[in-house]
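Coordinate analysis (summary)
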Amino acid sequence: MINLDERAQDVYGSKLSELSDQQVCKMLQDLVKEKAAELPANDGKKRLYYISAEFLIGKLLSNNLINLGVYDEVKKQLADAGHDLNKVEEFEVEPSLGNGGLGRLAACFLDSIATLGLPGDGVGLNYHYGLFHQKFVYKQQTALPDEWLREQDVLVDEGQSFTVEFGDFSVKSHLYSIDVLGYGRQTKNRLRLFDLESVDDTLVPADSIDFDKTKVAKNLTLFLYPDDSDENGRLLRVYQQYFMVSNAAQLILKEAVERGSNLHDLADYAVVQINDTHPTMVIPELIRLLTEQHGFEFSEAVSIVRKMVAYTNHTILAEALEKWPLEFLQKVAPKIAQIIQKLDALQKQENDDPRVAIIKDGVVHMAHLAIHYGFSVNGVAALHTKILEETELKPFYDLYPQKFSNKTNGITFRRWIMGCNPELTTLLDNTIGTDWHKTGDLTPLMKYTDDQAVLDGLVEAKGAAKKRMRDFLYRNQGVVVPENAIIDVQVKRIHEYKRQQMLALYIIWKYLDIKNGNKPARPITIVFGGKAAPAYTIAQDIIHLIITLGAWIANDPAVAPYLQVIMVENYNVTAAEHLIPAADISEQISLASKEASGTSNMKFMLNGAVTLCTLDGANVEIADLVGKDNIYTFGTSSKEVERLYAQSAYDAHSYYLRPGIKLLVDFITNPQFMATGCPDRLRRLHDDMAWKDWFMALLDVEEYIQVKERVYADYEDRASWVRKALVNVAQAGQFSSDRTIRQYNEDIWHLTATK
Ligand code: 26V
């Protein structure tokens, strides 16, 4: 039992009702930290180390209260004392340790691993200024340091330190952690975050993310993905990666020995999941430690490591499949470079196919290293894994078919419905009971597709979520969303392959259509959110186009009452928790074959949005589950897209010249419109679309417009729309990350759950 009044007296010498929300927030954070500290860690002979450059964990307070099983009780005690937990939470600062889907997936996985009682920790870095804080100035993104560590104390000091040796100097680390609680469990895991003992925050000015990239011994843990447009930036990434994995490997060996391993049997004590290629150097680092510090033969060290490292691929985009010049590795970690050369030579003895070489023309292919020297390779959705096996990684699949498997991504229901959508949670609890909290099974809801009370309840829950979203947007950016608006959302990193620009072209089409007198049945609010890499110019231009369009429309009294475009500033987990429950339409419009899985698609579905999508990533599986009446699909198939690339057969300009498309693209450079924005950015984006359009937005835009019009029309058949929404919720159980983690454990990790 928790008595918050007593606690308030102890901590502040005041009544709970007299504390400020900020004081309550701090008090609750400390309370959770204490409770978590009391819990024993999940234990077992074999332990998982999930190494990732990113963990996009979001605010922790509510999630922890839910997992401790005291959320309702705390909420009630606060309410009795005149505090609203939602307001209290506003004082919590969201950790900035991730970037996008890859990092959020890692966070959902930690929640599920702990919930299933599996012994497994996340391992990453404690970035002081995170990715960056996005601010819009003159309708453009600017990047500021994200000072998430300020004024809060969420880290537990583990009091451990390791030395990491680079080519010409060495540094010391310091290990912090964040306790990870499982839902309804009396045990915990940890997110272990390594920091640099000699880190110097003053290298970063208050108003920019530029800093001296050469001062490695002081800057290693300042930012996630520091700008890599010059050589010093790229080198810094390699330094960061080696710092991360050297610490991880030292930790793994130390803990295995503490648990009784003689290291010859290390693979029985530890399994490593490497999340994308960033942690790949853990392979040579483990080999280095075993040979150099523990006297193992090279060949034995290799065979041990080969049994304990598994690799997840999260993308087929060439620019994201990391390749480092060998000379970078020789500078950063010469011993690691040497080991990689040995591993490469060994591999070439076995197979000299240049397509699978680890080192080619002096460049190290990190994914190739991970595949040859790991025991498992997985993709993150059925289509993605199929593309890896049949196309992108085919020569590897031919060599090692037994290593490959699919693990379709998932999301934790504790955060993505129980935490962010209390009204829908209550409706589900009242309708199908609470077993789904643990099992994720929502299919019993299928019995209620014609139950008016349940359908009405769903509409009410959506209304409540929309109100919370409206309040959030008003509070944060002063925008007023009409109460009866249809909410159409595209939130994700800004990237050409995700095709935010295609939705922008639709907006132009709709704007012109309304100008022509075709008024929509109700106001349409289109919400974008997402950050663009600071060095990715076209992505910055896309943000600028969206903001400029939004302002243009808001300033046109003939259109503004019917169409609104919002670009949410600093999209993060907290924003997602406000937007996703409110959405009616989930935009998943990537160029087919390019989105490995997507995970927001799952979150939207779970919250009763209907998906408008291409058949890409996990959208394919969503479509199979809900059936064609409950989803809207369009666009060129992934097979055809692959053919177009392979034969260089896509000619953007011929699509641009179609009158219906030219009108939309040229709107961007119409002089009056350009005068309201930055002409250079708009011109560049226009020309890119008209002549290059590498991710083929123009190929699908006509069909997209047609389907979107159908979606809006169908929305007006309210009864049938709500039924679609209900089917989506009912079929979302498949995407619980508990299911995903069970599959990883059964097929790859083989951990024993704590009873
Ligand atoms: C790669 C790079 C390389 C260049 C520097 C910055 C950077 C940042 C991140 C990455 C990794 C890209 C891979 C990624 O984020 N994939 C996403 O993974 C999600 C979880 O599996 C999946 O749902 C998304 O579809 C996929 O895009």
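Everything below is about the structure shown above.
Bear in mind the structure is a predicted one, so any value in this text is a computation, not a measurement.

Quick notes on the sheet that holds strand 16 (residues 486–491)
Taken in spatial order, the six strands make up an open sheet running 18-17-16-19-20-21, and their pairing is parallel. At either margin of the open sheet sits one strand with a lone partner, and together these are strand 18 (563–568) and strand 21 (632–633). Docked against the sheet, helix 20 (residues 452–477) engages strand 16 and strand 18, running at close to 65° with respect to strand 18. Contacts from helix 32 (residues 718–730) reach strand 19 (585–588), strand 20 (610–613) and strand 21 within the one sheet, and its direction differs from that of strand 20 by about 85°.

Points about the pattern of salt bridges
The full count for this structure, using the stated rule, is 44 salt bridges. Two residues, Arg 47 and Asp 121, come together in a salt bridge whose shortest N-O distance is 3.1 Å. Here the residue Arg 47 occupies a position in strand 1 (residues 47–51), and Asp 121 occupies one in strand 2 (residues 120–125), the gap between them amounting to 74 residues. For the pair Arg 47 and Asp 121, one class covers both residues: buried. The partner of Asp 541 in a salt bridge is Arg 684, with the nearest N and O atoms 2.7 Å apart. One end of the pair, Asp 541, is in helix 22 (residues 537–554); the other, Arg 684, is in helix 30 (residues 679–691), with 143 residues separating them in the sequence. Looking at Asp 541, the relative accessible area reads 0%, which means it is buried. Look at Arg 684 and you get partly exposed, because its relative accessible area is 35%. One salt-bridge network, in which partners are shared between bridges, spans Arg 47, Asp 121, Glu 158, Arg 190, Arg 192 and Glu 255.

Quick look at the site of the ligand
Close to the ligand lie 19 residues; Arg 237, His 314, Asn 409, Glu 595 and Gly 598 are nearest. Glu 595 is positioned with one of its side-chain polar atoms (N or O) 2.6 Å from an oxygen atom of the ligand. For the ligand, an oxygen atom lies 3.0 Å from a polar atom in the backbone of Ser 597. When the free accessible area of the ligand is taken as 590 Å², the share hidden by the protein chains comes to 83%. With three residues, the top contributor of residues to the shell around the ligand is helix 6 (residues 101–115). Residues of the shell around the ligand, tallied by class, amount to seven nonpolar, nine polar and three charged.

Quick notes on empty space enclosed by the protein
Taking a probe equal in size to a water molecule and rolling it over the atoms shows the remaining empty space. Under the criterion given, the structure shown has six cavities of 30 Å³ or more. The computed volume of the largest cavity comes to approximately 220 Å³. Secondary structure elements with two or more residues in the lining of the largest cavity: helix 2 (21–38), helix 3 (61–68) and strand 7 (170–181). Take the lining of the largest cavity: its biggest share by element is six residues, from helix 2. Counted by class, the lining of the largest cavity contains eight nonpolar, three polar and six charged residues. The computed volume of the second largest cavity comes to approximately 180 Å³. Lining the second largest cavity are 15 residues, with Ile 57, Leu 60, Asn 63, Ala 107 and Val 180 sitting closest to its centre. Counting residues per element, the ones that place at least two in the lining of the second largest cavity are helix 3, helix 6 and strand 7. Residue composition of the lining of the second largest cavity, grouped by class: eight nonpolar, three polar and four charged.

What about the packing of aromatic side chains?
Using the criterion set out here, one finds 25 aromatic pairs in the structure. Judged by centre distance (5.1 Å) and plane angle (70°), the ring pair of Tyr 715 and Trp 721 falls under edge-to-face. You can call Tyr 715 buried: its relative accessible area is 2%. Linked through ring pairs, Tyr 506, Trp 509, Phe 634, Tyr 704 and Tyr 712 together constitute an aromatic cluster. Here the basic side chain of Lys 342 rests over the ring of Phe 298, its NZ or CZ set 4.1 Å away from the ring centre. When the ring centre of Phe 132 is taken as reference, the NZ or CZ atom of Lys 531 above it lies at 5.2 Å.

Considering the pairing of strand 2
Regular strands show a simple pattern: their side chains alternate between the two faces of the sheet. The element strand 2 is largely enclosed, with a buried count of six among its six residues. The alternating pattern of strand 2 places Gly 120, Gly 122 and Gly 124 and Asp 121, Val 123 and Leu 125 on opposite faces, both of which are buried. Direction of pairing for strand 1 relative to strand 2: parallel, over a ladder of four bridges. Of the residues in strand 2, the one forming a bridge with Ile 51 is Val 123. For strand 2 and strand 8 (residues 188–196), the ladder comprises four bridges, and the chain directions are parallel. Opposite Gly 122, over in strand 8, you have Leu 191 as the bridge partner.

With respect to unusual backbone geometry
A positive phi angle, close to 95°, is found at Ser 593, a residue other than glycine. Mapped onto the elements of the fold, Ser 593 is located in the loop between strand 19 and helix 24 (600–606). Phi at Met 696 takes a positive value of approximately 55°, unusual for a residue other than glycine. Within the fold, Met 696 resides in the loop between helix 30 and helix 31 (697–715).

Regarding the packing of helix 11 (residues 298–306) against helix 13 (residues 334–350)
Remark: helix 11 packs on helix 13, axes separated minimally by 12 Å, with the N-to-C direction vectors making an angle of 80°. The angle between helix 11 and helix 13 places the two elements in the roughly perpendicular class. In contact with Phe 298, Val 302 and Arg 306 of helix 11, helix 13 contributes Ile 339, Lys 342, Leu 343, Leu 346 and Glu 350.

What about the layout of surface pockets?
Volume-wise, the second largest pocket comes out at about 370 Å³. If you go around the second largest pocket, you meet 19 residues; those closest to its centre are Val 479, Gly 550, Val 565, Ile 566 and Met 567. If you list the elements that add at least two residues to the lining of the second largest pocket, you get helix 22 and strand 18. Within the lining of the second largest pocket, the residues separate by chemical class into 14 nonpolar, three polar and two charged.

Side note on a negative patch on the surface
On the surface, Asp 210, Asp 227, Asp 230, Glu 231 and Glu 327 cluster together into a patch of negative charge. Among the structural elements, Asp 230 can be located in the loop between helix 7 (216–219) and helix 8 (231–258). In this structure Asp 230 comes out as partly exposed when scored by relative accessible area, which is 39%.

Digging into the nonpolar core
Within the largest apolar cluster, 122 residues are counted, with the highest numbers of intra-cluster contacts made by Met 308 and Trp 749. In terms of residues, this core owes the most to one element, helix 8, which gives 14 residues. Contact partners of Trp 749, with chain neighbours within four places excluded, come to Lys 46, Leu 48, Tyr 50, Ile 113, Val 271, Gln 273, Ile 741 and Tyr 744. Listed in part, the 81 residues of the second largest apolar core include Cys 25, Val 727, Val 729 and Ala 732.

Observations concerning helix 15 (residues 382–392)
Of all the residues in helix 15, the buried ones are Leu 383, His 384, Thr 385, Ile 387, Leu 388 and Glu 389. Residues of helix 15 that are buried in the fold lie against strand 14 (376–379), helix 16 (394–399), strand 15 (404–406), helix 25 (619–626) and helix 26 (638–646).

How each quantity is defined
Residues numbered from 1 in each chain as written. Predicted model: local features only at pLDDT ≥ 70, side-chain atom pairs only at ≥ 80, totals over all residues. Heavy atoms only, no water. Pairing = 2+ DSSP bridges. Helix = DSSP H or I, 4+ residues; strand = E, 2+ residues; numbered from the N terminus. Contact = heavy atoms within 4.5 Å. Axes fitted to C-alpha atoms, helices over the stretch in contact; angles between N-to-C directions. Salt bridge = Lys/Arg side-chain N within 4 Å of Asp/Glu carboxyl O. Buried < 20%, exposed > 50% of the residue type's maximum accessible area, 1.4 Å probe, protein only. Near = heavy atom within 4 Å. Polar contact = N/O pair within 3.5 Å; in protein donor to acceptor, adjacent residues only side chain to side chain. Areas by Shrake-Rupley, 256 points an atom, 1.4 Å probe, with all protein chains shown as cover. Nonpolar A, V, L, I, M, F, W, Y, C, P; charged D, E, K, R; others polar. 1 Å grid on protein atoms, 1.4 Å probe; cavity = no way out; pocket = protein on both sides within 12 Å on 5 of 7 lines; lining within 4 Å. Points joined across faces, edges and corners; volume = space filled by probe spheres on them. Phe/Tyr/Trp six-rings, centres within 6.5 Å; stacked < 30°, edge-to-face > 60°. Lys NZ or Arg CZ within 6 Å of the ring centre and 35° of its normal. Parallel < 35°, antiparallel > 145°, perpendicular 65-115°, else oblique. Patch = residues over 30% accessible without salt bridge, like charges linked within 9 Å, V, L, I, M, F, W, Y side chains within 5 Å. Lys, Arg positive; Asp, Glu negative; His and termini not counted. Charge placed at Lys NZ, Arg CZ, Asp CG, Glu CD. Core = buried A, V, L, I, M, F, W, Y, C linked by side-chain atoms within 4.5 Å.

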